[in-house]
Amino acid sequence: MSELKPQAIRAEALESLLIEQNHLTAEAVDEVIIRYNERVGPMNGARVVAKAWADPDYKACLLEDGTKAIEEFEFEGGEIDKLVVVENTATVHNVVVCTLCSCYPWGLLGLPPRWYKDPAYRSRIVREPRAVLAEFGVVLDDDVEVKVWDSSAEVRYMVLPMRPDAAAAMDERAVLELITRDAMIGVAR
Amino acid sequence: MDGVHDLGGKQGHGSIDNAVDETAFHERWEAIVFALTNVAAELGVLRNTDQFRHAIERIDPVAYLSHTYYGRWLGGLENLLVEGGILTQAQIRARIEVLGYDSTGLVAARPSTEPDVVDYDAEHHVSSRPLEDQPKFRVGDGVLTRGTPSTGHTRLPAYARGKRGEVVMWHDGWVLPDSNAHGRGENPEHLYTVAFDGGELWGDAAEPRTVVHVDLFESYLIL
């Protein structure tokens, strides 16, 4: 057995105690895993982006009132009280963070990747976004404005990436594969 | 609270490790911690997100930086479960030994002996609370943020204290975390998205053409 981290050991002890007290079941833990590994994830946000790319009217609604525009999808497992979608253009690049904890649009993108929650990203992206983006492979010209969105309240942000020219000739499934989680956070172009 | 959680602009945290593209949960213990949030809510020791965020801010700072995301959640939940009288830390330590593990590892939780009492449920599932009062600021207004720290929970990051910015969005009323986290009521306030020029925040160290947006409650804005 590999060396367990102290927090993993402690979680197991809490699980054991709370199961014994009838406050928790092992099935409840399994349900959490299934829900977030299979049903909630960046595929939801990708559907929204694909629709906005294909339909200019929908895109206008999405940018005007993101909360209302995603209602029709009835995504589960995400508590997004208010959604603001910010659009990347040839002259503006957006990127999302939560410096105080790790707020993230769960309902659209699932649970955040580890790097999004780690101190390095949270501390640096507000101070040196261009340097951080370059580490992710996004090198921006100086004439591109960088807009960082620090999710410090209950508003959640998602980036609408620029539509690649190639998308015009693709079917919807191929388009969905172009739209990555990282692009909707803003660390990919 | 001037805690280690308030990371924006801090230096020395190194490069970003994005090499592993993971599933939602790396290891089963992380899902256990996730499930514990439901347990804590059902037991009434976790009443709102603000209280939970503050419980996480109160954990051991070394654990905060080293136990990863779900380790921080675990510390926050243990704070609430112990403060709420559901478990004791002696009980947890004893159980770790019964399970055959080493019980001397760093413990994230630091339960308070005089915890806040949060004895009400949220008025609505979401935190939006539209207000009849008119907002003090309009989109386009220049604002100055409060320059002083807060002893309790707040959502004004330290890097945005005492800075001048411009209101770019108004979001109507929302539950005030500074009050709700401590059980002092929802006390909703108008919420604004404020844009800060990189130079205002970081001076000469700022990168060119960068703007940082922060969502700020009306009482965080003094002008």
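What counts and how
Residues numbered from 1 in each chain as written. Chains lettered and ligands numbered in written order. Predicted model: local features only at pLDDT ≥ 70, side-chain atom pairs only at ≥ 80, totals over all residues. Heavy atoms only, no water. Domains from an automatic or database assignment. Contact = heavy atoms within 4.5 Å. Buried area = accessible area lost by both parts, 1.4 Å probe. Salt bridge = Lys/Arg side-chain N within 4 Å of Asp/Glu carboxyl O. Polar contact = N/O pair within 3.5 Å; in protein donor to acceptor, adjacent residues only side chain to side chain. Helix = DSSP H or I, 4+ residues; strand = E, 2+ residues; numbered from the N terminus. Nonpolar A, V, L, I, M, F, W, Y, C, P; charged D, E, K, R; others polar. Pairing = 2+ DSSP bridges. Expected span 1.5 Å × (residues − 1).

A. View of the domain arrangement of chain A. The assigned domain composition of chain A is domain 1 (6–38) and domain 2 (41–185). Computed from C-alpha atoms alone, the centre-to-centre distance between domain 1 of chain A and domain 2 of chain A is 31 Å.

B. The arrangement of the interface of chain A and chain B in detail. At the junction of the two partners, chain A supplies 77 residues and chain B supplies 84 residues. Here chain A meets chain B over a buried area of about 7300 Å², counting both sides, of which 60% is carbon and sulfur. Summed over the three residues of chain A that lose the most area to chain B, namely Arg10(A), Leu100(A) and Arg127(A), the buried surface amounts to 12% of that side. The interface formed by chain A and chain B includes seven salt bridges. Where chain A touches chain B, the interface holds 35 residue pairs in polar contact (both at pLDDT 80 or more). Elements with a contribution of two residues or more to the side of chain A that touches chain B: helix H1 (6–20), helix H2 (26–39), strand S1 (82–87), helix H7 (114–117), helix H8 (119–124), helix H9 (129–135), strand S3 (145–150) and strand S4 (155–160) of chain A. At 14 residues, H1(A) tops the list of elements feeding residues into the side of chain A that touches chain B. Split into classes, the residues belonging to the side of chain A that touches chain B amount to 42 nonpolar, 10 polar and 25 charged. Here five bridges tie S3(A) to strand S4 (residues 210–217) of chain B, and the two strands are oriented parallel to one another. Considered in S4(B), the bridge of Val146(A) is made with Thr210(B).

C. Structural detail: helix H3 (residues 42–54) of chain A. Taking 1.5 Å as the rise per residue, H3(A) with 13 residues should run 18 Å; its terminal C-alpha atoms sit 18 Å apart, in good agreement. Next to the buried residues of H3(A) lie H2, helix H4 (56–64), helix H6 (106–109), S4, helix H10 (172–178) and helix H11 (181–185) of chain A.

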